[in-house]
Amino acid sequence: MTFEPERLGQSRSDLAEALRGQRKRAGKTQTWLARRCNMSQTKVSNIESGKLTPSLVDVELILEALGADNPISAEILSLARTANTEWQDHWSSSRRGLDKKQNELARLEAVSTEFRFFLPTMITGLLATPDYVRASLARNSGDMSKTVAKKLERQQILMDSAKFFTFLLTEQAVRWPLASPIAMAMQLDRLASVSRIPNVRLGVIPLRMVGPVVETPLSVFTVYDRRLVQVETHTGALILRDHRDVSAYRDDFDRYESYAVFGDECRELLTEWSMSFTRQRQ
């Protein structure tokens, strides 16, 4: 479906009708669907009435809960792409409350099994210490306490042995002085600790890498199973669900992974960089 701005209003109405019809054909109530998708019944009602435009993640979760077959899912997701334009800008997220974005990520993480995080600029929330999380949110106005709490709460998923995580961080991302030297030293020690969790692979790409790197890292991205890629920019996040996009990013991830060091070698570098931060405060 081609995106046409003038179709946005109609696509929202069509999407609401399609989701409502799919639920009724499945013989499920709004209350049942809300419980399965970790949403409120009011939210499901507002989605089905067209009062609220669901995110692509919301639609994916609803379709999965209802067991929609592939042709129907593809059609409804096409409507959802038009209604959402596949773009989540930071300003809208700020107006809704950044803690709401954390809830959305938590729901996506709950239904995913395999995660690939490529982090060329900074450390992601799942790996961050409280001080680092607060520093990463410093440019946002208002009370960030709920967002900080939810970011830290999401870290519990790393202990779910049924899920598998690979984190690739560049040396720049690891050593960028986002917080105070002591806070950065503690953050790097946290990375070393997380790297020992059995279902977590954490690697760093050192700048001293031998040989030219043809593939230039352009942006932060996360691959969730084979279902979607979230690409982050300075002003928002792009959600890509086309299998060709997902495959392309998985291929990029594999290439970057070939330059990374893991295990003891990774932890030795993290310890060295942590000590350099520690020396800065002396």
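Residues numbered from 1 in each chain as written. Predicted model: local features only at pLDDT ≥ 70, side-chain atom pairs only at ≥ 80, totals over all residues. Heavy atoms only, no water.

### Some points on helix α13 (residues 263-280)
Here α13 is 18 residues long and its end C-alpha atoms lie 26 Å apart, about the 26 Å a rise of 1.5 Å per residue gives. Listing the buried residues of α13 in full gives Cys-266, Arg-267, Leu-269, Leu-270, Trp-273, Ser-274, Ser-276 and Phe-277. Considering only its buried residues, α13 is in contact with α10 (171-175), α11 (181-194) and β4 (200-205). (Helix = DSSP H or I, 4+ residues; strand = E, 2+ residues; numbered from the N terminus. Expected span 1.5 Å × (residues − 1). Buried < 20%, exposed > 50% of the residue type's maximum accessible area, 1.4 Å probe, protein only. Contact = heavy atoms within 4.5 Å.)

### So, the confidence of the model for the protein
It should be kept in mind that the predicted coordinates are not to be read in detail where pLDDT is low. Mean pLDDT for the protein: 88, with 88% of residues reaching 70 or above. Confidence, read as mean pLDDT per element, is least for helix α6 (residues 90-96) in the protein (67) and greatest for strand β2 (residues 114-119) (98). Confidence drops under a pLDDT of 50 for residues 1-8, and excluding neighbours within four residues, the segment shows 10 contacts in the predicted structure. (pLDDT = per-residue confidence, 0-100.)

### Comments concerning the environment of Ile-123
Tracing the backbone through its elements, the reader meets Ile-123 in the loop between β2 and α8 (130-136). Given a relative accessible area of 4%, Ile-123 falls into the buried group. Separated by 50 residues in the primary sequence, Ile-123 and Ala-173 have C-alpha atoms spaced 6.2 Å apart. Leave out the neighbours within four places in its chain, and Ile-123 touches Ala-128, Tyr-132, Leu-169, Ala-173, Val-174, Gln-187 and Leu-191.

### Observations concerning the pattern of salt bridges
Using the criterion set out here, one finds 15 salt bridges in the structure. Salt-bridge contacts for Arg-250 lead to Glu-114; the nearest nitrogen and oxygen are separated by 3.5 Å. With Arg-250 in helix α12 (residues 243-257) and Glu-114 in strand β2, this residue pair connects regions lying 136 residues apart in the sequence. For Arg-250, a relative accessible area of 10% corresponds to the buried category. In this structure, Asp-225 engages Arg-227 in a salt bridge whose closest nitrogen and oxygen atoms are separated by 3.8 Å. Here Asp-225 matches Arg-227 in class, with each residue buried. (Salt bridge = Lys/Arg side-chain N within 4 Å of Asp/Glu carboxyl O.)

### Details of the packing of α11 against α13
At a minimum axis distance of 8 Å, the contact between α11 and α13 shows a crossing angle of 165°. Put simply, α11 runs roughly antiparallel to α13. Regarding α11 and α13, the two cross each other, and that crossing is left-handed. Between α11 and α13, the residues in contact are Pro-181, Met-184, Ala-185, Leu-188, Asp-189, Leu-191 and Ala-192 and Arg-267, Leu-270, Trp-273, Ser-274, Phe-277, Thr-278 and Gln-280, respectively. (Axes fitted to C-alpha atoms, helices over the stretch in contact; angles between N-to-C directions. Parallel < 35°, antiparallel > 145°, perpendicular 65-115°, else oblique. Left-handed = near helix turned anticlockwise from the far one by under 90°.)

### Regarding the nonpolar core
Judged by nonpolar contacts, the single largest core of 67 residues is most densely connected at Leu-127, Phe-165, Phe-167, Leu-169, Leu-202, Val-204 and Leu-270. Top contributing element to this core by residue count: helix α4 (residues 56-66), with eight residues. Apart from residues no more than four positions distant in its own chain, Leu-127 is found in contact with Leu-119, Gln-155, Phe-167, Leu-169, Gln-187, Arg-190, Leu-191, Val-194 and Leu-202. Formed by 12 residues, the second largest nonpolar core is a distinct cluster that contains Phe-118, Leu-168, Val-229 and Tyr-256. (Core = buried A, V, L, I, M, F, W, Y, C linked by side-chain atoms within 4.5 Å.)

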